[in-house]
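The chain contents come next:
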Amino acid sequence: MGSGKLGLDGRPGLAAALAKAARLKCPVIVSKLDRLSREVAFISGLMARGVPFIVAELGADVDPFVLHLFAALSQKERQLISQRTRDALAPLVGTGRLGNKTNLAEAQARGRAGNVAASAAFAARVMPLVGRLKDGGLSMNAIAGQLNASNMPTMRWGGRWTAKAVSRVVSAASVS
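In this report, the structure presented in the accompanying data block is examined. Note that the structure is a prediction, hence the values are computed from the model and not measured.

## Regarding the overall build of the chain
Move 1: Assigned secondary structure in the chain consists of seven helices and two strands.
Move 2: Listing each helix as α and each strand as β along the chain from the N terminus yields α-β-α-α-β-α-α-α-α.
Move 3: Relative to the globule expectation of 16 Å for 176 residues, the C-alpha radius of gyration of the chain, 26 Å, shows a markedly less compact shape.
Move 4: Seen through its C-alpha atoms, the chain measures out along the principal axes to roughly 70 × 50 × 25 Å.
Move 5: By residue count, 21% of the 176 residues in the chain fall in the buried class.
Move 6: Sequence separation of at least 24 residues holds for 53% of the intrachain contacts in the chain that already meet a minimum separation of 6.
Move 7: Computing the positive centroid from 24 side-chain charges and the negative centroid from 10, the chain places the two 12 Å apart.

Dropping the structure here:
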């Protein structure tokens, strides 16, 4: 639903949830008040417009005064978090370790090298099975089907094997 510090314009998910709740004549339920907003004015505005919401952490029948108190505490905590972050980052400003783009090419190269190494390691782990299937005369498509049928995980968690993914494993294994 977006950051709790944004207004309704910057949070289309929340706007949609509020609209749907109004259409269904039911409240919006959030786990904690700061998930809805960390701004007293926003919470007060919802309450003033009669927008029903329930904060699970506080219960369904929480007093509006208590909601205002918690909203004020959330807003103060947002300010404290912001100040702590600025204080923690202040020593890094100007050291080249923060916001300095002079080492961008080096960082990108190191990132690519890490990705290549991870791909090679993954290919090495699955290549024995892929190799046996390939040596058995199966096409890349058929190998992908076999891997999916056996619930063999892809490098990206939750992904499905495709002929292209199998081909990339074969290529990565032959490079290393």
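## Here's the deal with the packing of helix α3 (residues 40-48) against helix α4 (residues 64-89)
Move 1: At a minimum axis separation of 8 Å, α3 and α4 run at an interaxial angle of 155 degrees. It follows that α3 is roughly antiparallel to α4 by the angle criterion. Relative to α4, the crossing made by α3 is right-handed. Residues Val40, Ile43, Ser44 and Met47 of α3 touch α4, and the partners they reach there are Pro64, Leu67, His68, Ala71, Ala72 and Gln75.
Move 2: The residue makeup of the contact of α3 with α4, split by class, is seven nonpolar, three polar and no charged.

## Regarding the pattern of salt bridges
Move 1: Considering all chains together, one arrives at five salt bridges under this definition.
Move 2: Residue Arg84 is joined to Glu77 by a salt bridge in which the shortest nitrogen-to-oxygen separation is 3.0 Å.
Move 3: Judged by relative accessible area, Arg84 falls into the partly exposed class, the value being 47%.
Move 4: Of the charged contacts in the structure, one is a salt bridge between Glu106 and Arg110, with a shortest N-O distance of 2.9 Å.

## Section: helix α5 (residues 104-135)
Move 1: With 32 residues, α5 should cover 46 Å at 1.5 Å per step; its first-to-last C-alpha distance of 43 Å lies within 8% of that length.
Move 2: In α5, a bend of some 50 degrees at Met127 exceeds every other bend along the element, and Pro128, a proline, comes one to four places later.
Move 3: All of the buried residues along α5 are Phe122, Ala123, Val126, Val130, Gly131 and Leu133.
Move 4: Immediately beyond the C-terminal end of α5, within one or two residues, lies Gly137, with a positive phi of roughly 90 degrees.

## Some points on the packing of aromatic side chains
Two aromatic rings are characterised by how far apart their centres lie and by the angle between their planes.
Move 1: Applying the stated criterion across every chain, the model contains one aromatic pair.
Move 2: Where Phe122 meets Trp161, the ring centres are 6.1 Å apart and the plane angle is 20 degrees; that geometry is what we call stacked. One end of the pair, Phe122, is in helix α5; the other, Trp161, is in the loop between α6 (140-149) and α7 (163-175), and 39 residues separate them in sequence.
Move 3: Judged by its relative accessible area of 5%, Trp161 falls in the buried class.

## Comments concerning the nonpolar core
Move 1: Core analysis: the largest hydrophobic core is formed by 14 residues, its most contacted members being Val28, Leu33, Leu36, Ile43, Leu46, Phe53 and Val55.
Move 2: Elements that contribute at least two residues to this core include exactly α1 (12-24), β1 (28-30), α2 (33-36), α3, β2 (53-55) and α4.
Move 3: Beyond its immediate sequence surroundings of up to four residues, Ile43 is in contact with Leu33, Leu36, Ser37, Phe53 and Ala71.
Move 4: One finds Phe122, Val130, Ile143 and Val170 within the second-largest nonpolar core, a separate group that totals twelve residues.

## Some remarks on the layout of surface pockets
Move 1: Taken as a whole, the largest pocket spans an internal volume of roughly 430 Å³.
Move 2: Lining the largest pocket are 15 residues, with Ser119, Met155, Arg156, Ala165 and Arg168 sitting closest to its centre.
Move 3: Contributing elements (two or more residues each) for the lining of the largest pocket: α5 and α7.
Move 4: Among the elements that make up the lining of the largest pocket, the one with the highest residue count is α5 (five residues).

Thresholds applied
- Residues numbered from 1 in each chain as written.
- Predicted model: local features only at pLDDT ≥ 70, side-chain atom pairs only at ≥ 80, totals over all residues.
- Heavy atoms only, no water.
- Helix = DSSP H or I, 4+ residues; strand = E, 2+ residues; numbered from the N terminus.
- Rg over C-alpha atoms; globule rule 2.2 N^0.38 Å.
- Buried < 20%, exposed > 50% of the residue type's maximum accessible area, 1.4 Å probe, protein only.
- Contact = heavy atoms within 4.5 Å.
- Lys, Arg positive; Asp, Glu negative; His and termini not counted.
- Charge placed at Lys NZ, Arg CZ, Asp CG, Glu CD.
- Axes fitted to C-alpha atoms, helices over the stretch in contact; angles between N-to-C directions.
- Parallel < 35°, antiparallel > 145°, perpendicular 65-115°, else oblique.
- Left-handed = near helix turned anticlockwise from the far one by under 90°.
- Nonpolar A, V, L, I, M, F, W, Y, C, P; charged D, E, K, R; others polar.
- Salt bridge = Lys/Arg side-chain N within 4 Å of Asp/Glu carboxyl O.
- Expected span 1.5 Å × (residues − 1).
- Bend = angle between axes of the 7 residues up to and from the residue.
- Phe/Tyr/Trp six-rings, centres within 6.5 Å; stacked < 30°, edge-to-face > 60°.
- Core = buried A, V, L, I, M, F, W, Y, C linked by side-chain atoms within 4.5 Å.
- 1 Å grid on protein atoms, 1.4 Å probe; cavity = no way out; pocket = protein on both sides within 12 Å on 5 of 7 lines; lining within 4 Å.
- Points joined across faces, edges and corners; volume = space filled by probe spheres on them.

By themselves, these observations are geometric and do not establish any function.
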